[in-house]
Amino acid sequence: KAGVTQTPRYLIKTRGQQVTLSCSPISGHRSVSWYQQTPGQGLQFLFEYFSETQRNKGNFPGRFSGRQFSNSRSEMNVSTLELGDSALYLCASSWGADRDRYEQYFGPGTRLTVT
Amino acid sequence: AQSVAQPEDQVNVAEGNPLTVKCTYSVSGNPYLFWYVQYPNRGLQFLLKYITGDNLVKGSYGFEAEFNKSQTSFHLKKPSALVSDSALYFCAVRDRYGNNRLAFGKGNQVVVIP
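Structural notes, computed from the coordinates.

## Description of the overall build of chain B
1) Next: Along the backbone of chain B there are zero helices and 12 strands.
2) Next: In sequence order, chain B lays out its α and β elements as β-β-β-β-β-β-β-β-β-β-β-β.
3) Next: A compact globule built from 114 residues would reach a C-alpha radius of gyration of about 13 Å, and chain B, at 14 Å, matches this within 12%.
4) Next: Here the C-alpha coordinates of chain B stretch approximately 45 × 30 × 20 Å along the principal axes.
5) Next: When the 114 residues of chain B are sorted by exposure, 49% land in the buried category.
6) Next: Long-range contacts, defined here as pairs at least 24 residues apart, represent 58% of the contacts in chain B between residues at least 6 apart.
7) Next: Within chain B, one finds 11 positive and 8 negative side-chain charges whose respective centroids are separated by 7 Å.

## Some remarks on the interface of chain B and chain A
1) Next: Across the contact, 22 residues belong to chain B and 28 residues belong to chain A.
2) Next: It is Leu44, Asn100 and Arg101 of chain B in chain B that bury the most area against chain A; as a group they hold 30% of the surface buried on that side.
3) Next: At the junction of chain B and chain A, the tally comes to one salt bridge.
4) Next: The salt bridge partner of Glu103 of chain A is Lys49 of chain B, with a shortest N-O separation of 2.7 Å.
5) Next: At the junction of chain B with chain A, the criterion picks out five residue pairs in polar contact (both at pLDDT 80 or more).
6) Next: Of all the secondary-structure elements, those providing two or more residues to the side of chain B that touches chain A are β5 (32-38), β6 (44-50) and β10 (87-94) of chain B.
7) Next: The element best represented in the side of chain B that touches chain A is β5 of chain B, accounting for four residues.
8) Next: Here the side of chain B that touches chain A is composed, by residue class, of 10 nonpolar, seven polar and five charged.

## A word on the pattern of salt bridges
1) Next: Applying the stated rule across the entire model yields 10 salt bridges over all chains.
2) Next: The shortest N-O distance in the salt bridge between Arg55 of chain A and Glu48 of chain A comes to 2.6 Å.
3) Next: Classification of Arg55 of chain A as partly exposed rests on a relative accessible area of 27%.
4) Next: In this structure Glu48 of chain A comes out as buried when scored by relative accessible area, which is 0%.
5) Next: Its salt-bridge partner being Lys77 of chain B, residue Glu66 of chain B comes within 3.8 Å of it at the nearest N-O pair. With Glu66 of chain B in strand β8 (residues 64-68) and Lys77 of chain B in strand β9 (residues 73-78), this pair connects stretches of sequence that are 11 residues apart.
6) Next: In the salt-bridge network here, residues are joined through shared partners; they are Arg63, Glu82 and Asp85 of chain A.

## Looking at unusual backbone geometry
1) Next: In the segment running from Thr7 of chain A into Pro8 of chain A, the intervening peptide bond is cis, with an omega of -15°.
2) Next: Tracing the backbone through its elements, the reader meets Pro8 of chain A in the loop between β1 (5-7) and β2 (10-13).
3) Next: Its identity is not glycine, yet Tyr61 of chain B carries a phi of approximately 60°, on the positive side.
4) Next: Tracing the backbone through its elements, the reader meets Tyr61 of chain B in the loop between β7 (56-58) and β8.

## A look at the sheet that holds β1 of chain A
All names here are of chain A.
1) Next: Strand order in the open sheet made by the four strands is β1-β3-β8-β7, with antiparallel pairing throughout. Strands at the two margins of the open sheet, each flanked by one partner only, are β1 and β7 (64-68). When strand polarity is set aside, the average angle formed by the axes of neighbouring strands in this sheet is 20°.
2) Next: The pairing of strand β3 (residues 19-24) with strand β8 (residues 74-78) spans five bridges and is classified as antiparallel. If you follow Val19 over to β8, its bridge partner there is Val78.

Cut-offs applied
- Residues numbered from 1 in each chain as written.
- Chains lettered and ligands numbered in written order.
- Predicted model: local features only at pLDDT ≥ 70, side-chain atom pairs only at ≥ 80, totals over all residues.
- Heavy atoms only, no water.
- Helix = DSSP H or I, 4+ residues; strand = E, 2+ residues; numbered from the N terminus.
- Rg over C-alpha atoms; globule rule 2.2 N^0.38 Å.
- Buried < 20%, exposed > 50% of the residue type's maximum accessible area, 1.4 Å probe, protein only.
- Contact = heavy atoms within 4.5 Å.
- Lys, Arg positive; Asp, Glu negative; His and termini not counted.
- Charge placed at Lys NZ, Arg CZ, Asp CG, Glu CD.
- Buried area = accessible area lost by both parts, 1.4 Å probe.
- Salt bridge = Lys/Arg side-chain N within 4 Å of Asp/Glu carboxyl O.
- Polar contact = N/O pair within 3.5 Å; in protein donor to acceptor, adjacent residues only side chain to side chain.
- Nonpolar A, V, L, I, M, F, W, Y, C, P; charged D, E, K, R; others polar.
- Pairing = 2+ DSSP bridges.
- Axes fitted to C-alpha atoms, helices over the stretch in contact; angles between N-to-C directions.

The structure is reproduced here in structure tokens:
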């Protein structure tokens, strides 16, 4: 069974640009969550999508947005990039059932560098 | 709000010795607890979870963790550490109210010395 895949793996952007990251969950998983990992702040929750709806949102500015498609694939967009957005962005998928007691499975991440 | 504390930045242990990585948590109600491991330039790999039932949970690669409700702790243990266990370990917690929002600790770097 294929794991969570993320594209691209590495990305270099300039301040002010925007970027779109993609995540394909494990087959059958309907929940996709996004996390930002930085040396200073650690792992922080961005948002979760389930059945094409945002179900939960972390404390990030509106420049960070996402969406989920009918096949459960998800994209995350960051507009007007800032230097502080440089991070490893991790996507995780799980079954997503109500009161889900299942673990999340993480992809390898997209390393975003903003210059 | 849910939160996790991993008090040590780095844990050094000799190969073959027992390994313990500490974690305490704060959450409303009963928790779901998880341990993940991260190798350099990789995503997080699931090790084990506590949902309900036995307080001692066994996971992948010989790891286990003990849930202690009175001390709000979920320490990760391995009886005999291997050099290949050297990695970054994260404890995570979420509540049971129907969302998938994980709160992670800062992580512990484990160094197993040959």
